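# Reading the structure
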Amino acid sequence: MRIYSLRTRITPLALTAALLGGVTATSALTAPEARAASGGYYLYFKKNPANPIDSRLHLMKSVPNAADRAVASYRAGSGNGSTNPCATARGWLPNGKYKVEFHRTNFDGIINGYVIKVSDKRCKNNGASGTKRTELFVHSEMKPNGGQGRIESERWDGTNDYYSNGCVKLKPADIKNLFGKAGRYGWPKTLTVK
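Residues numbered from 1 in each chain as written. Predicted model: local features only at pLDDT ≥ 70, side-chain atom pairs only at ≥ 80, totals over all residues. Heavy atoms only, no water.

The condition that has to hold: UniProt positions are given in the numbering used here, feature names are shortened, and annotations may be inferred rather than shown by experiment.
For the chain, the name recorded in an unreviewed UniProt entry is L,D-transpeptidase family protein, with Streptomyces galilaeus as its organism. Under the UniProt heading Pathway (unreviewed entry), the note attached to the chain is "Cell wall biogenesis; peptidoglycan biosynthesis."

What follows is the structure, encoded as structure tokens:
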């Protein structure tokens, strides 16, 4: 009877301590996730007019009532050196907001592997509505399975591979890192280009 009484006293005490410890640990772990759910994430491409293939793509966290912050940042290129956003398949992306239509790790098309498809966008030409840009992606150079291939369009060779036909282009390790972070934090619904 005495052992039962001792166990009866210790068990609730240990359970209470464990629960309080668990609540504290759980609160500390879930606080960022709770904020993320309220703020959300988006992609932000910051153009570098001095060197379009040395621009930056950021995974941003929207922070209500505060400045948004980058949780990841990658070197990225857009276009083949032209800063004309109306130059189809050559110029960098027009400024503005794009909808993320889908993301895949095994895309097999004009480009392959890890891709983020963004919505079409009409560029502005001297303030007037210009060319509609289509087939816009954030991507790299790889095979459909994400590995490196033998042909140029499936193999990353270095700095010149940041050139693109108007999309946003990352090196393979960076786009895989971006997919990992986006999967962990929450997939962006939009891309902002400035």
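There is more to say after this.
### Things to note about the nonpolar core
Rule in force here: Residues enter a nonpolar core if they are buried and are Ala, Val, Leu, Ile, Met, Phe, Trp, Tyr or Cys, with the set joined through side-chain atoms within 4.5 Å. Residue burial is assigned from relative accessible area. The probe radius is 1.4 Å, only protein chains are included, and a residue is buried under 20% of its type maximum, exposed over 50%, and partly exposed in between. Helical segments are the DSSP runs of H or I of at least four residues, strand segments are the runs of E of at least two, and each set is numbered from the N terminus. In this analysis, two residues are considered to be in contact whenever any of their non-hydrogen atoms come within 4.5 Å of each other.
Counting 24 residues, the largest nonpolar core has Leu57, Ile116, Leu170, Leu178 and Leu191 as its most contacted members. For this core, the secondary structure elements donating two or more residues are strand E1 (41–46), strand E2 (55–61), strand E3 (69–78), strand E4 (96–108), strand E5 (112–118), strand E8 (136–139), helix H2 (172–185) and strand E10 (190–193). With sequence-adjacent residues up to four places away left out, Leu191 is seen in contact with Leu43, Tyr44, Phe45, Leu57, Leu93, Gly96, Lys97, Tyr98, Val100 and Val118. One finds Ile111, Val115, Phe137 and Cys167 within the second-largest nonpolar core, a separate group that totals five residues.

### Thoughts on the pattern of salt bridges
Just so we agree on the cut-off: We count a salt bridge whenever a side-chain nitrogen from Lys or Arg sits within 4 Å of a carboxyl oxygen from Asp or Glu.
In total, this model carries five salt bridges according to the counting rule given. In this structure, the salt-bridge partner of Asp120 is Lys117, at a minimum N-O distance of 3.9 Å. Within the structure, one salt-bridge network assembled from shared partners comprises Glu101, Lys117 and Asp120.

### Remarks on H2
Put simply, the rule is: Multiplying one less than the number of residues by 1.5 Å gives the expected span of a helix.
With 14 residues, H2 should cover 20 Å at 1.5 Å per step; its first-to-last C-alpha distance of 20 Å lies within 8% of that length. Within H2, the full set of buried residues consists of Pro172, Asp174, Ile175, Leu178, Phe179, Lys181 and Ala182. Considering only its buried residues, H2 is in contact with E1, E2, E3, E4, E5 and E8. Of the residues trailing H2, Gly186 is marked for its positive phi of about 135°.

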